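Residue strings, one per chain:
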Amino acid sequence: MPEESATLEDFFSGKNIFITGGTGFLGSVLIESLLSVSPKIGKIYVLVRDKNGNLADKRIQRMLSKPLFKNHSQEAFEKIVPVVGELTAENLDFTPTVLHDITKNVNVIFHSAATIKFNSLLKTAIDINVLGTLRTIELAKKIDNLSAYVYLSTAFCNSNNRGLILEKVYPSLRDPYEMMKLAKTPNILPENTNDSSVKEIIGAHPNTYTFTKQLAENLIVKEMTGMPVAIIRPSVVYGTYEHPVEGWVGNANSGHLGFLAGYVKGVFRTMTGNPSSVIAIIPCDYVINSSLAMAWYVGTRSIYQPEVIHCTSTHEENSITLKELCDTFNKSAAVHPCDTFLWKPHCQLRNSFRYTLFFYLFHILPAMIVWIPEKITGLGKRRMSVLDAMKVFDRGTKAFDYFMNQDFQYSVKNSLRIMSMMTKSDAERYCFDAVQCNWNELILRCFRGIRMFYFKESADTTMRHKIIRKVAEVAYYLGFCVIYALLYLLWFIVLNNPIVAFVISSITIIFLIWL
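Every residue gets a number counted from 1 within its own chain, in the order that chain's sequence is written. Local features in this predicted model are restricted to residues whose pLDDT is 70 or higher, and side-chain atom pairs enter the listing and the counts only when it is 80 or higher, whereas totals over whole chains, interfaces and linings include all residues. Neither water nor hydrogens contribute to the side-chain values; these are computed over all heavy atoms in the structure.

Engineer: How do you make sense of the pairing of strand S2 (residues 44-48) when you look at a structure like this?
Structural biologist: Note on strand geometry: in a regular strand, side chains alternate between the two faces of the sheet. Summary of the burial criterion: residues with accessible area below 20% of their type's maximum are buried, those above 50% are exposed, and those between are partly exposed, where the area comes from a 1.4 Å probe applied to protein chains only. Comment: elements are numbered from the N terminus, with helices defined as DSSP H or I runs of at least four residues and strands as E runs of at least two. Taken across its five residues, S2 has five buried, putting it largely inside the fold. Burial of the side chains of S2 extends over both faces: Ile 44, Val 46 and Val 48 are buried on one face and Tyr 45 and Leu 47 on the other. For the crossover that starts at strand S1 (residues 17-20), traverses helix H2 (residues 25-37) and ends in the parallel S2, the hand is right-handed. Two strands pair when backbone bridges link them, and S2 and strand S3 (residues 80-84) are joined in this way by five bridges, in the parallel orientation. Within S3, the position partnered with Ile 44 by the bridge is Ile 80. Handedness of a crossover is defined as follows: orient the strands so they point away from the viewer, and if the path from the first strand over the helix to the second runs clockwise, the crossover is right-handed. Think of it this way: DSSP has to see at least two bridges between two strands before they count as a pair.

Structure, rendered in structure tokens:
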């Protein structure tokens with residue numbers, strides 16, 4: 001039986017770590033936290049794909065050059081060891097030397113690599129989310145001194161259920177081994193995500209992502225009974241609340257952070273969903289705190305079944321609805337505007353016809369106006385045009401619609417129980433209780449983080465920002481006046497009747513304001 005360790009620092013001292021997904025948003029914050037949790041931590045092996053000819057060392061160095069790691073020394077960086085491999089390959093495609101090194105020295109595995117696209121092809125989602133998990137399980141079983149295996153799942157993996165979702169592994173409709181076998185067989189699984197046979201396979205799941213994450217959890221239960229395993233289910237992950245810096249958002253291209261990056265520039269200006277739905281969000285550092293805490297918990301006790309926790313907000317305390325979230329966006333954008341923006345950042349909830357019409361009038365149409373000169377001048381040869389970006393936004397919004405219209409309820413009893421077992425200092429530093437998070441403050445910090453870390457703009461909000469914001473406010477309302485004047489002039493010229501021109505223009509402008 002493992003000996004209980006008083007603190008997280010004690011537990012991680014001298015231990016070697018293996019991480020998948022280490023160069024992603026969550027993974028990079030995890031690596032920073034591991035360097036911070038104990039100065040005596042051992043090596044941190046990071047699985048890296050040598051994609052696009054970029055050497056693993058260069059990818060790690062690029063990650064370590066980010067402001068996230070500014071407080072760490074070169075000596076700390078030398079503990080990070082990139083290992084080239086492939087998540088879905090047998091033995092992760094490691095060389096015999098690397099495999100021997102890891103199986104003999106690693107003590108803790110954090111498996112966070114996944115495809116997080118809701119609309120991934122079923123075969124792709126199975127390969128990465130299920131087969132990839134199996135490969136890390138196989139590795140864990142070969143390790144001589146495994147203290148903990150931590151799997152980053154998602155709170156949405158059980159979105160095919162209704163009512164209170166408990167902190168347990170729910171049986172999947174399909175067998176994970178059967179699905180991996182189908183994924184290996186050519187021309188069996190459909191190539192189109194919208195294919196009706198996909199819906200037959202995933203059942204009540206809204207997409208291939210939640211389906212395969214639930215399969216992965218079931219695979220862990222089948223394969224790792226009696227092993228020190230933890231499953232963590234975060235919900236919608238936002239930027240960091242406090243550690244290591246406030247408002248760290250990484251590349252701001254995952255989940256809702258991508259929407260926020262477009263929103264603060266005045267590009268994305270509409271959302272869809274049920275205004276009264278409780279939106280389960282959580283800061284990135286809370287997810288990482290829970291990961292460290294769960295490694296400590298399962299690594300210092302005899303665990304028979306995988307320990308499962310939700311890392312998310314709840315209905316009972318400190319919840320936030322979609323309407324409140326949207327209102328907070330608008331208030332926060334006014335407090336911390338960017339140095340420059342296309343239009344005044346302002347977002348409204350719209351549904352059905354109203355959303356569709358607004359999207360095409362105020363997203364697609366302006367994007368096409370920009371896209372045409374791009375094509376003429378050759379600027380359209382860049383990686384993604386404005387029009388393409390809008391289409392990507394539309395697909396992403398539609399994929400997320402399901403979750404914006406639901407009202408999921410999550411139990412966090414196990415999460416709070418485990419947190420209560422931590423020392424007082426650890427519980428404060430590595431807090432993952434969403435009740436302690438001020439959502440208004442979190443959004444404010446994320447907006448500042450997007451401005452500073454993603455757009456590389458000024459850190460402080462100055463009088464200049466406030467003036468630009470006021471100018472944008474005036475331009476916003478002045479725009480309606482200009483549109484009205486143009487409409488009136490157009491109809492007056494066409495009809496030569498000032499009264500009719502006034503009525504038509506007034507009705508049109510009232511409709512646009514409502515829209």
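Don't stop here, the text continues.
Engineer: Help me understand the packing of aromatic side chains in this model?
Structural biologist: Centre distance and the angle of the planes are the two values used to describe a pair of aromatic rings. Pairing of aromatic rings covers Phe, Tyr and Trp, the last through its six-membered ring, and needs centres within 6.5 Å; plane angles under 30 degrees mean stacked, over 60 mean edge-to-face, and all others mean tilted. Enumeration over the complete set of coordinates arrives at 23 aromatic pairs. Plain terms: the ring middles of Phe 11 and Phe 12 are 4.9 Å apart, the flat faces sit at 80 degrees to each other, and that makes the pair edge-to-face. The burial state of Phe 11 is the same as that of Phe 12; both residues are buried. Among the aromatic residues, ring-to-ring pairing joins Phe 259, Tyr 263, Phe 268, Phe 329 and Phe 447 into one connected group. Residue placement shows Lys 15 over the ring face of Phe 11; its charged tip is 4.5 Å from the ring centre. Two conditions define a charge located above a ring, namely a distance within 6 Å from the ring centre to NZ of Lys or CZ of Arg, and an angle within 35 degrees of the ring normal. In this arrangement the basic side chain of Lys 344 is found over the ring face of Tyr 476, its NZ or CZ atom lying 4.1 Å from the centre.

Engineer: Before we go on, may I ask you to explain the packing of helix H6 (residues 122-142) against helix H7 (residues 176-184) in this structure?
Structural biologist: A pair of packed helices can be characterised by two numbers: the angle between their axes and the separation between those axes. One way to put it is that H6 packs onto H7 with a least axis distance of 10 Å and a crossing angle of 125 degrees. Relative to H7, the element H6 lies oblique. Regarding H6 and H7, the two cross each other, and that crossing is left-handed. Only Pro 176, Met 179, Met 180 and Ala 183 of H7 make contact with H6, whose side of the interface consists of Lys 123, Ile 126, Asp 127, Val 130, Leu 131 and Leu 134. Three residue categories are used. Nonpolar comprises Ala, Val, Leu, Ile, Met, Phe, Trp, Tyr, Cys and Pro, charged comprises Asp, Glu, Lys and Arg, and polar comprises the others, including Gly. Here the contact of H6 with H7 is composed, by residue class, of eight nonpolar, no polar and two charged. Structural elements are reduced to axes, namely lines fitted to C-alpha atoms, with helices fitted over the stretch in contact, and the angle between N-to-C directions of any two is expressed from 0 to 180 degrees. Oblique is the label for every angle not falling under 35 degrees (roughly parallel), over 145 degrees (roughly antiparallel), or within 65 to 115 degrees (roughly perpendicular). Handedness of a crossing follows from how the near helix is turned relative to the far one, being left-handed for an anticlockwise turn of less than a right angle and right-handed for a clockwise one. Should any heavy atoms of two residues lie within 4.5 Å, those residues are considered in contact.

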